[in-house]
Amino acid sequence: MPKRHLRYASLCAALFLWAPAAHAATLRLAWDRNPEPEVAGYVLEYGNQPGVRPFSVDVGNQTTFQITGLTDGMPYYFAVRAYNTFRVLSSPSIEISRRVGIPYSVAVDFNGDKRSDVAVFRPSTGDWFLGPQGSVRFGLSTDIPTPADYDGDGKIDVAVFRPSEARWFIAPSSTNYASAYSVFYGTATDVPVQGDYDGDGRADVAVYRPSQGRWFIATSSSYYTTGFSVGFGVATDVPVAGDYDGDGRSDIAIFRPSSSLWFVATSISNYTSSFSKAFGLSTDIRVPADYDGDGKTDIAVFRPSEARWFISGSSAGFSTAFSVFFGVATDVPAPADYDGDGRSDIAIFRPSEGRWFIATSSSWYTTGFSVPYGLSTDIPIVQRR
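Below or above, wherever it landed, is the structure these notes cover. (Residues numbered from 1 in each chain as written. Predicted model: local features only at pLDDT ≥ 70, side-chain atom pairs only at ≥ 80, totals over all residues. Heavy atoms only, no water.)

**Points about the sheet that holds strand β11 (residues 158-162)**
Here is step 1 of the chain: Across the sheet, which stays open at both edges, the four strands sit in the order β10-β11-β12-β13 with antiparallel pairing between neighbours. The two strands at the open ends of the sheet, each matched to only one other strand, are β10 (144-145) and β13 (181-184).
Here is step 2 of the chain: Pairing of β11 with strand β12 (residues 167-171), which is carried by five bridges, proceeds in the antiparallel orientation. Bridged to F161 within β12 is W168. (Pairing = 2+ DSSP bridges. Helix = DSSP H or I, 4+ residues; strand = E, 2+ residues; numbered from the N terminus.)

Below you can see the structure in the form of C-alpha cells.
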C-alpha cells in the first residue's frame, strides 16, 4: 500500500462528554476512510507533545474510536495511520490536538451550537447584535469589543475594554447578559489581547503594552487577582495571539510589519521557547485562525490590494501556503467557523452593503453564502488584527 497521508472527514476531534472521574477524560475521534482497497485497519497514535506520539492503539477497520483514560487538563496530539494485511503502515495523517477535560468555545458562538454567529457591535448606540441571540446594549462608542468565553460555559460573552478607564466590562452569557462585572487592568494605550493563557477553559484579561514590548495577563483561574507578564515584542509590533502549538492555551505572538515576520512564544514551553515565520506584507491585515482544523492557529493574512487571502497551515508546520481570492479592497475580514466543521471559513463584512460574504471551509472555499446584517458603521464581532 502506498505510504500516503490519510484524509480526515472533519479534520478535528469530535469532542463528546467528559468522563465523571477527576482524572479520566474521554475523547471520540473520527477520520476519513483511506481510499486504498487493501486497507485492513488503522492505528491511532497520541502523546502530550506536538509531533511526539509514543502511545498507540490498533482500532481495527473502523473510522471512529473513543479513547478513554486521558488526564483532565492535559493537551493531547493525535494522528492515524492505515495498515494493510501485511501490517505495512501508511504515513501519518495530519496531527490534531485538543486539551481534554476543559470546556472549549468557538469564536463568535453566542448560542453554544459550536458554529460562529454573524454579529456586530454598533458604536453609535452601544448595541451588540448577536444573530440568533438578539441584541444587547453594552458599552460606549469609544470602547473596544473584547468578546470571549470568560465564564467557561462554551458560549461567547459580551465584553469591552474601556481605554479611558483602563477597565474591562464583562456581561457573561451564563446570566443571559443580565448582569455584568468589571476589572481594572491595563493602561489607556494598551492593546487588549484576551485569551485562555492558563488553560482552564475561561478567557483571561490580558493586554499588550507596546511602549514596553510586554504582555500582562490576569488569569481567570485566580479571578483576575494575580497573573504574570512576559516581555515579547517591540513598540511597532502587532499582537496576534492564538493557540499555534495546539495545547489549549493561548500563545503570545506578534507580527512585525518592518520585516513581515511572525514571532510566537509557545505556551507549551511556558513562553520560554519561540519560533518565527516570514509571511505577508506590512500592509496586510492579519487573520490568524484554524483553517485546517487541526486544533492549532494558522498564520494568515488578508491582502486588500489584491482582495486575496494567504494561509500557512500549522498542519504542515507552516512550511507551505495557499491563497484564495475573496472580497474587495474595502471589505473587513471576519474569519470564523460559520459552518461548524471545525475549520475557520474565509469571510468578510462589506460595510458599503451591510452584508457578510462567507466562503465555507466545508466546500474548500469554492462555495458559500451571504447574509445582510449590520450597518456601514458597525464593527463585526471578530478578533481582528
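Structure shown, so let's carry the discussion forward.
**Let's talk about unusual backbone geometry**
Here is step 1 of the chain: Positive phi values are uncommon outside glycine, yet Y177 reaches one of about 65 degrees.
Here is step 2 of the chain: Residue position: Y177 is located in the loop between β12 and β13.
Here is step 3 of the chain: Positive phi, close to 55 degrees, is recorded for N270, a residue that is not glycine.
Here is step 4 of the chain: Structurally, the position occupied by N270 is in the loop between β20 (261-265) and β21 (274-278).
Here is step 5 of the chain: Residue classification places N270 among the exposed positions, given a relative accessible area of 52%. (Buried < 20%, exposed > 50% of the residue type's maximum accessible area, 1.4 Å probe, protein only.)

**Structural notes on the side chain of D284**
Here is step 1 of the chain: Following the sequence through the fold, D284 ends up in the loop between β21 and β22 (285-286).
Here is step 2 of the chain: Its relative accessible area of 2% is what places D284 among the buried residues.
Here is step 3 of the chain: Of note is the side chain of D284, whose polar atom sits 2.6 Å from the backbone nitrogen of L281.
Here is step 4 of the chain: Contacts of D284, omitting those with residues within four sequence positions, involve V301, F302 and R303. (Polar contact = N/O pair within 3.5 Å; in protein donor to acceptor, adjacent residues only side chain to side chain. Contact = heavy atoms within 4.5 Å.)

**Topic: the nonpolar core**
Here is step 1 of the chain: F110, W128, L130, F138, V158 and Y338 are the most contacted members of the largest nonpolar core, which has 26 residues in total.
Here is step 2 of the chain: Those elements that provide at least two residues to this core are β7 (120-122), β11, β12, β27 (346-350) and β28 (355-359).
Here is step 3 of the chain: Residues in contact with F110, not counting those within four places in the same chain, are D117, A119, L130, Q133, K155, I156, D157, V158, Y177 and I381.
Here is step 4 of the chain: Residues Y46, Y76, F78 and I94 belong to the second largest nonpolar core, which totals 18 residues. (Core = buried A, V, L, I, M, F, W, Y, C linked by side-chain atoms within 4.5 Å.)

**Side note on the side chain of D245**
Here is step 1 of the chain: Mapped onto the secondary structure, D245 falls in the loop between β18 (238-239) and β19 (252-256).
Here is step 2 of the chain: The side chain of D245 is buried and forms no salt bridge, while R249, the nearest opposite charge, is found at 6.3 Å.
Here is step 3 of the chain: A distance of 3.3 Å separates the side chain of D245 from the backbone nitrogen of D247, its partner in a polar contact.
Here is step 4 of the chain: One polar contact links the side chain of D245 to the main-chain amide nitrogen of I268, over a distance of 3.0 Å. (Lys, Arg positive; Asp, Glu negative; His and termini not counted. Salt bridge = Lys/Arg side-chain N within 4 Å of Asp/Glu carboxyl O.)

**Focus on the pairing of strand β5 (residues 75-84)**
Here is step 1 of the chain: Counting buried positions along β5 gives nine out of 10 residues, so the element sits mostly inside the fold.
Here is step 2 of the chain: In terms of strand pairing, β5 meets strand β6 (residues 96-99) through four bridges, oriented antiparallel. Looking at β6, one finds that F78 is bridged to I96.

**Here's the deal with the packing of aromatic side chains**
Here is step 1 of the chain: Under the counting rule described, the total for this entry stands at 16 aromatic pairs.
Here is step 2 of the chain: Taken together, a centroid distance of 6.3 Å and an interplanar angle of 25 degrees make the contact between Y76 and F78 stacked. Neither Y76 nor F78 differs from the other in exposure class; each is buried.
Here is step 3 of the chain: Between Y338 and W356 the ring centres are 6.4 Å apart and the planes differ by 65 degrees, which places this aromatic pair in the edge-to-face class. In this pair, Y338 sits in the loop between β26 (332-333) and β27 while W356 sits in strand β28, placing the two residues 18 residues apart along the sequence. For the pair formed by Y338 and W356, the shared burial category is buried.
Here is step 4 of the chain: The ring centre of Y104 lies 4.2 Å from the NZ or CZ of K114, which sits over that ring. (Phe/Tyr/Trp six-rings, centres within 6.5 Å; stacked < 30°, edge-to-face > 60°. Lys NZ or Arg CZ within 6 Å of the ring centre and 35° of its normal.)

**With respect to the pattern of salt bridges**
Here is step 1 of the chain: Counting across every chain of the model gives 20 salt bridges.
Here is step 2 of the chain: Its salt-bridge partner being D190, residue R209 comes within 2.9 Å of it at the nearest N-O pair. Here R209, found in strand β15 (residues 205-209), pairs with D190, found in the loop between β13 and β14 (191-192); they are 19 residues apart in sequence, far enough to count as distant.
Here is step 3 of the chain: By relative accessible area, which is 15% here, R209 ends up buried.
Here is step 4 of the chain: Of the residues examined, D190 reaches a relative accessible area of 4% and is grouped as buried.
Here is step 5 of the chain: Through salt bridges with shared partners, a single ionic network connects E45, R53, R81, E95 and K296.

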